[in-house]
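Architecture and fold: a report
Okay, here's what each chain looks like letter by letter:
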Amino acid sequence: MAAGTPRAFVSHLAGVPVFDPNGDQVGRVRDLVAMLRVGGKPPRLLGMVVEVVSRRRIFVPMTRVTGVESGQVITTGVVNMRRFEQRPTERLVLGEFLDRRVRLMETDEEVTVLDVAIQQLPARRDWEIDKFFVRKGRGGALRRKGETLTVEWSAISGFSLEEHGQGAENLVATFERLRPTDVANALHHLTPKRRAEVAAALDDDRLADVLEELPGDDQVEILGKLAEDRAADVLEAMDPDDAADLLSELPEADKERLLALMRPDDAADVRRLLSYEERTAGGLMTTEPIILRPDATVADALARVRQQDLSPALAAQVYVCRSPDETPTGKYLGTVHFQRLLRDPPFTLVSSIVDSDLVPLPPETPLPEVTSYLAAYNLVSVPVVDESGSLLGAVTVDDVLDHLLPEDWRETDFQGEEGIAGGR
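1. Some words on the overall build of the protein
Helices and strands together make up the secondary structure of the protein, namely 17 helices and 18 strands. The buried share of the protein, taken over its 424 residues, is 49%. Counted over contacts in the protein with a minimum sequence separation of 6, partners at least 24 positions apart contribute 58%. Summed over its atoms, the accessible surface of the protein is roughly 20800 Å², and 49% of this surface lies on carbon and sulfur atoms.

2. Things to note about a nonpolar patch on the surface
Together, Leu401, Leu404 and Leu405 make up a nonpolar patch on the protein surface, roughly 250 Å² of accessible area in all. In this structure, leucine 405 sits in the segment after helix H17 (397–404). You can call leucine 405 partly exposed: its relative accessible area is 38%.

3. A word on the nonpolar core
Counting 56 residues, the largest nonpolar core has Leu187, Leu207, Leu223, Leu235, Val370 and Val395 as its most contacted members. Valine 370 has contacts with Ala281, Leu361, Thr365, Val382, Val395 and Val400, leaving out every residue within four places of it along the chain. Within the second largest apolar cluster, 39 residues are counted, among which are Val18, Leu104, Val113 and Trp127.

4. Topic: the confidence of the model for the protein
Residue-level pLDDT values for the protein average 84, and 88% of them are 70 or greater. Confidence, expressed as mean pLDDT per element, reaches its minimum in the protein at helix H3 (residues 168–175) with 64 and its maximum at strand S15 (residues 317–321) with 96. Confidence drops under a pLDDT of 50 for residues 162–166, and excluding neighbours within four residues, the segment shows 8 contacts in the predicted structure. In this model, residues 413–424 is a region of pLDDT below 50 whose contacts with residues beyond four sequence positions or in other chains number 28 contacts.

Analysis parameters
Residues numbered from 1 in each chain as written. Predicted model: local features only at pLDDT ≥ 70, side-chain atom pairs only at ≥ 80, totals over all residues. Heavy atoms only, no water. Helix = DSSP H or I, 4+ residues; strand = E, 2+ residues; numbered from the N terminus. Buried < 20%, exposed > 50% of the residue type's maximum accessible area, 1.4 Å probe, protein only. Contact = heavy atoms within 4.5 Å. Areas by Shrake-Rupley, 256 points an atom, 1.4 Å probe, with all protein chains shown as cover. Patch = residues over 30% accessible without salt bridge, like charges linked within 9 Å, V, L, I, M, F, W, Y side chains within 5 Å. Salt bridge = Lys/Arg side-chain N within 4 Å of Asp/Glu carboxyl O. Core = buried A, V, L, I, M, F, W, Y, C linked by side-chain atoms within 4.5 Å. pLDDT = per-residue confidence, 0-100.

And the structure:
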């Protein structure tokens, strides 16, 4: 493990307060959620179960956790307040791991798990279970003697998934190492029953990523088999333009019902996209490009570009606008490309290096003109601005390609370098 890599024991996290970016307390940690993996890999930590003031227990993904230290947990972004429901592939660390009897691989000796250590992987926001603090000898309330020791995950048996078996748990664990496109390709070739089982077992973010890569018919089928609250959560996790494309395939009553269940801000973005013709800049754009105010610095811009969940096309440039800095913005001032950010000192204001020469596209621009614009100026993304000068969003080259390729292109068999594992 690299020096300075964050690590914590879960017993020390139980009951600690959880704060949002403004310093307001959201609730307290009641458990942690992990997913077992095949091949002897340590379990991946998915998130935390947090009890809010109303005593409702909600799920906070680890991707939203920015700090686990000094007896507190710091989160970023909006917290989904829907009640936590454990899924088939999920394990509660405090509730299911502690006090469990397992065996040491080297000696086959039975030990009791007293505590579990988690660590954040270097240069990533992912967390995994790292070590176990165990006691030798028989457990029980009246028997607390025995040697204690800390062991690696690989040194014990009793948790790992078997490589064989047809449970959704094993299949989801096998899919974990694959890209969303490859998981979508595998899902497409499963039976409808197995496809529904795997979709139910995937977490919201992962399912959202996979849905974005599936053919439209598969998207509609999977969404229709989810509970409505879950379907709304998954739509919120999707890119707004992909969520809008999916909702446009549904009957009007179903579409409105799901939009009403989504968070108002997310629903507003999707409704705005649905108001444009599909094959126009407005219908193709995402409403979540990187937006900075004129007084932001190059260092601020690079910090935003580094966000792990950004696509390469969106991370290739930032858009400079007057407040507000969410679409639709104040006046659009121009674009700063990633290469320019690398050439200037960190303290440089983005307003001083903004490229305002390229004219942005209006939302009604048809697809052929959008394509020609990207090709003519060698761009991977183009801003979309309304007649008042406000930035509405950005069209990325991957979304343009989606609409230029044949409608059934996603149904073509192909494999990435890693191949499709456990697809049936």
